[in-house]
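# Descriptive structure summary
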Amino acid sequence: MKSAELRQKSEGELKSELTALLKAQFSLRMQHATGQLAKTSEINRVRKDIARVRTILAQKAA
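To start, this report covers the structure provided alongside it. (Residues numbered from 1 in each chain as written. Predicted model: local features only at pLDDT ≥ 70, side-chain atom pairs only at ≥ 80, totals over all residues. Heavy atoms only, no water.)

## Section: helix α3 (residues 41–61)
With 21 residues, α3 should reach 30 Å at 1.5 Å per residue; the first-to-last C-alpha distance of 31 Å fits that figure. Turning to α3, its buried residues number three or more, namely Ile-43, Val-46, Asp-49, Ile-50, Val-53, Ile-56 and Leu-57. The buried residues of α3 occupy one face: seen down the axis, they fall within an arc of 160 degrees. Where α3 is buried, its residues touch α1 (3–7) and α2 (11–34). (Helix = DSSP H or I, 4+ residues; strand = E, 2+ residues; numbered from the N terminus. Expected span 1.5 Å × (residues − 1). Buried < 20%, exposed > 50% of the residue type's maximum accessible area, 1.4 Å probe, protein only. Arc of directions from axis to C-beta. Contact = heavy atoms within 4.5 Å.)

Below you can see the structure in the form of structure tokens.
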């Protein structure tokens with residue numbers, strides 16, 4: 001997800017997006033631990049998306 005798209009969202013939408021990403025990260029970690037994850041690059045993509053959302057939330061709070 002691009003940061004320009006995230007900046008257009010409201011704070012509530014960003015928080016729900018963050019929750020969804022954290023759940024996706026957990027799911028990917030469990031799949032990786034059990035050997036069911038085919039694309040391990042998805043873990044890094046989700047981690048970076050989480051960081052983007054948290055950064056924009058911090059910028060909006062300031």
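Next comes the rest of the write-up.
## Section: the nonpolar core
Ranked by size, the top nonpolar core spans 12 residues in total: Leu-6, Leu-14, Leu-18, Leu-21, Leu-28, Leu-37, Ile-43, Val-46, Ile-50, Val-53, Ile-56 and Leu-57. Tallying contributions element by element places α3 first for this core, with 6 residues. (Core = buried A, V, L, I, M, F, W, Y, C linked by side-chain atoms within 4.5 Å.)

## Overview of the packing of α2 against α3
At a minimum axis distance of 9 Å, the contact between α2 and α3 shows a crossing angle of 155 degrees. Judged by the inter-axis angle, α2 sits roughly antiparallel to α3. Crossing handedness for the pair α2 and α3: left-handed. Residues Glu-11, Leu-14, Lys-15, Glu-17, Leu-18, Leu-21, Leu-22, Gln-25, Leu-28 and His-32 of α2 form the contact with α3, whose own contacting residues are Glu-42, Ile-43, Val-46, Arg-47, Asp-49, Ile-50, Val-53, Arg-54, Ile-56, Leu-57 and Lys-60. (Axes fitted to C-alpha atoms, helices over the stretch in contact; angles between N-to-C directions. Parallel < 35°, antiparallel > 145°, perpendicular 65-115°, else oblique. Left-handed = near helix turned anticlockwise from the far one by under 90°.)

By themselves, these are just geometric observations and shouldn't be taken as functional.
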